[in-house]
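Coordinates in review
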Amino acid sequence: MIAQYRKTGRLSRQQRTTAGFKRRYTDRDIRLLAEMDERHDTPCGHAIKKLCERAYQVFGRNAGRHLC
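Summary of the structure given here.

Calculation rules
Residues numbered from 1 in each chain as written. Predicted model: local features only at pLDDT ≥ 70, side-chain atom pairs only at ≥ 80, totals over all residues. Heavy atoms only, no water. Helix = DSSP H or I, 4+ residues; strand = E, 2+ residues; numbered from the N terminus. Buried < 20%, exposed > 50% of the residue type's maximum accessible area, 1.4 Å probe, protein only. Areas by Shrake-Rupley, 256 points an atom, 1.4 Å probe, with all protein chains shown as cover. Salt bridge = Lys/Arg side-chain N within 4 Å of Asp/Glu carboxyl O. Expected span 1.5 Å × (residues − 1). Arc of directions from axis to C-beta.

Attention now moves to the overall build of the protein chain. When helices and strands are counted, the protein chain shows three helices and zero strands. Within the protein chain, the proportion of its 68 residues that are buried is 12%. Counting only carbon and sulfur atoms, one obtains 52% of the accessible surface of the protein chain, whose full area is about 6,700 Å².

Below, the structure is given as structure tokens:
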């Protein structure tokens, strides 16, 4: 904006539109997290993270993904 002002002596605001946020999780991932949340009586996010990590370590990648 400083360069624009130095060049033209004016500032003009330009509207930027974006497509929003990139989606990181699938609907299935969200459902699995919600089920995990219900199963463990709605713990905090940190607890869910630890439960998912444990499921991954104990049961392996595929089984852990289905549990968490």
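Now that the structure has been shown, the text picks up again.
The final tally for this structure, using the stated rule, is three salt bridges. Salt bridges sharing partners connect three or more residues here, namely K49, K50 and E53.

The next thing to look at is helix 2 (residues 27–39). For helix 2, with 13 residues, the first-to-last C-alpha span of 18 Å sits near the 18 Å given by 1.5 Å per residue. Considered for burial, the residues of helix 2 that qualify are D29, L32 and M36. The buried residues of helix 2 occupy an angular sector of 65 degrees when projected down its axis, which confines them to one face. Backbone geometry just after helix 2 places D41 at a positive phi near 60 degrees.

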